[in-house]
Amino acid sequence: MSTSTLPLYLRAERSPSRRILSAVGTFVIVLAALYVIFPFVWMLLTSFRTQEEIFSAPGNLIPATFNVANYLKIWTELPFARLFLNSVVFAGGVTILSVFFDSLAAYALARLDFPGKTIAFFIVLATLMVPYQITLVPLFQTVFDLHWLDTYQGLIVPRATSAFGIFLLRQFFMSVPRDLDAAARIDGASEFRIYWSVMLPLARPALATLAVFHFMNNWNDFLWPLVVTSSDTMRTIPAGLTLFSGQYVIDHGVLMAGATISLLPLAIAFFFAQRYFVQGIATTGIK
Amino acid sequence: MTTITAARRARPRTQLRAGLLFLLPSAVLIGVFVIYPIANSLWMSLHDWTFFQTTHEFVGPANYLELLGDPRFWNALGNTAVFTLATVPAQIILGLLLAVRLSRARWWTSLMRSVFFFPVISSFATMAIVWKFVLSADVGPTAAWLRGAGIQPIDWLHTPNLALGAIIMVGLWKNIGFTMVILIAALQDVPESLNEAAVLDGAGPWGRFRNVTLPSIRQALLFASIIAVIASLQVFDQVYVMTGGGPLFRTETLVTYMYEQGFGQYRSGYAAAIAWALFLLIAIVSAFQLRIFRYRDVD
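Every value quoted in this text rests on a predicted model; they were computed, and no experiment measured them. (Residues numbered from 1 in each chain as written. Chains lettered and ligands numbered in written order. Predicted model: local features only at pLDDT ≥ 70, side-chain atom pairs only at ≥ 80, totals over all residues.)

A. Quick look at the overall build of chain A. Scanning chain A from terminus to terminus reveals 15 helices and 0 strands. For chain A, whose C-alpha radius of gyration is 25 Å, the value lies well above the compact-globule estimate of 19 Å for 287 residues. By its C-alpha atoms, chain A is 75 × 70 × 35 Å across when sized along the principal axes. Out of the 287 residues belonging to chain A, those deemed buried represent 43%. Contacts spanning at least 24 positions in sequence make up 76% of the contacts within chain A whose residues lie at least 6 apart. (Helix = DSSP H or I, 4+ residues; strand = E, 2+ residues; numbered from the N terminus. Rg over C-alpha atoms; globule rule 2.2 N^0.38 Å. Buried ≥ 20, exposed ≤ 12 C-beta atoms within 10 Å, placed from the backbone. Contact = placed C-beta atoms within 7 Å.)

Now the structure itself:
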């Protein structure tokens, strides 16, 4: 770190002992970064290796040849296309429905005046406090009673709204100046029209943050799809890869190719829209 | 006459109607899929409730009493406690170090931040498959390197005394970035003028950290630690994938035990009782954390 980039008032105090302390800090960070990045590097590099090479030279980080066979095998040795589709339908379906319903409820709680509003908001907050494991066993029973086990609706509908999303969007809607919808209201616009044409366009950053949050959580989720689905054709990627790797003999390279592919959509989204990921996470801290 | 009163009431009434319509989808969904299951969970825990059976005998507190005498429950509780006590402090300290060093915007800090954030956006179950491979004594890279150096490699996940340690290390790997992001957001809100004023008052780097930075991000530290504790008490994914609770139940946690009882044995009532024990634990620990922080506020 060059001294000239520091604020003026800090430049004076770069004593030798400070430099050593600072170097130790940097060393710890670099070490931690290597630890954090290693599984990803290993996953990617191993996805190009043959099963023979993995067994004969397990310590080789760089593949002897970059072999794409595993990326072709994954679609035939596993029903990977189906897993991928299921993940898209599940995570995509939850995201679309939940962002829509969350924003509707948040609009009512932030901008409309009606009796019972405070109680409704309190109930939303209260459900945020309850860990989701409490509802897991009875939800399984409910989804069973609805004959929804092992179906898309069983996966998606119980998650089609979220207290967190309602809370997040309510806070955002509260911060929008009242004049905007008051003007539209005087012009005779319906509440739905104000919500749709005034509020939602203004709320795009908040909606994007919530959409990224929902998509990431459900794309990555393991326990819920594990509980609700039971057939090979209904599993999502995380549950499917885990169970297939336990049940059948699958080449390690093929598994790593599957893991790499499953990471790609989020990695690409992260590359282009990092701030929405970070905001979603940072907001959970503020809640 | 009636039309006048109707006109006068028109605004509030339309807002009531609109309010109810806007709330309707979420209200129905939260009612059916959150509130009813919460109540049902309590109801189930008071019954001898097996998933496939149609009648369920009311047994009162029997499930909870069974829990108190169940060594496997206490073992799972102990493992969960060890996991939490090992991960949370390390997560907060490392997360704070990273946040302090990486909060300024430079090309290398933003690259590093992305590196530490990457596990947060990846699927833990999927990455646990990769970790299991990395830690494998047969085909794993670390074992191969150790063998290459003439050292007998350790089979982390199958050694009773070491498996929980591996679960802890992988838990840290996943969650450091989360803490870092929350703390960076808080650090960036600390006004630079506070630091400048402290320097003018003769405060060194350590004094500034202790007297300016730490007090300014207290709220964020509190929330980061509460969330870290709650998430740790709910540890599941990497245990299920990497060890399945073994060897010899040495990595079984509250949620994996609940899963095993609820969806392995189909003892819904007993699993619900475990879930409520988890809830109680989370409530007590969170209240305790809030109290510690509030107590220091009075100081």
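B. Molecular detail of the environment of G245 of chain B. All names here are of chain B. Examined against the element boundaries, G245 turns out to sit in the loop between α11 (237–242) and α12 (254–264). For G245, a count of 21 C-beta atoms within 10 Å translates into the label buried. The spatial distance from the C-alpha of G245 to the C-alpha of L97 is 32 Å, given a sequence separation of 148 residues. Among residues more than four places away in sequence, those in contact with G245 are V239, T251, E252 and T256.

C. Summary view of the domain arrangement of chain A. All names here are of chain A. Segmenting chain A into domains produces domain 1 (3–69) and domain 2 (73–286). Here the C-alpha centre of domain 2 lies 33 Å away from the C-alpha centre of domain 1. Tallying the contact residues gives 9 residues for domain 1 and 8 residues for domain 2. The dominant element in the side of domain 1 that touches domain 2, judged by the number of residues it contributes, is helix α1 (residues 16–46), at 3 residues. (Domains from an automatic or database assignment.)

D. Broad picture of unusual backbone geometry. The linkage connecting G246 of chain B with the following residue, P247 of chain B, adopts the cis geometry, with an omega of -15°. With respect to the helices and strands, the residue P247 of chain B is situated in the loop between α11 and α12. A positive phi angle, close to 60°, is found at H147 of chain A, a residue other than glycine. In this fold, H147 of chain A is placed in the loop between α6 (133–145) and α7 (152–156). Take H147 of chain A: there are 10 C-beta atoms within 10 Å of it, and that puts it in the exposed class.

E. View of the nonpolar core. All names here are of chain B. Counting residues in each nonpolar core, the largest one holds 149 residues, and the members touching the most others are V181, L183 and I274. Here the element with the most residues in this core is helix α7 (residues 163–187); it accounts for 17 residues. Setting aside residues up to four positions removed in sequence, I274 forms contacts with L67, F73, L254, Y257, M258 and Q261. (Core = buried A, V, L, I, M, F, W, Y, C linked by C-beta atoms within 7 Å.)

F. Here's a closer look at the packing of helix α8 (residues 163–174) of chain A against helix α11 (residues 204–220) of chain A. Residue and element names in this part refer to chain A. Running from amino to carboxyl end, α8 crosses α11 at an angle of 165°, the nearest separation of the two axes being 10 Å. In this view, α8 runs roughly antiparallel relative to α11, as classed from their interaxial angle. Handedness of the α8/α11 crossing: right-handed. Where α8 approaches α11, its residues G165, L168, L169 and F172 are matched on the opposing element by A206, L210 and H214. Residues that form the contact of α8 with α11 fall into these classes: 5 nonpolar, 2 polar and no charged. (Axes fitted to C-alpha atoms, helices over the stretch in contact; angles between N-to-C directions. Parallel < 35°, antiparallel > 145°, perpendicular 65-115°, else oblique. Left-handed = near helix turned anticlockwise from the far one by under 90°. Nonpolar A, V, L, I, M, F, W, Y, C, P; charged D, E, K, R; others polar.)

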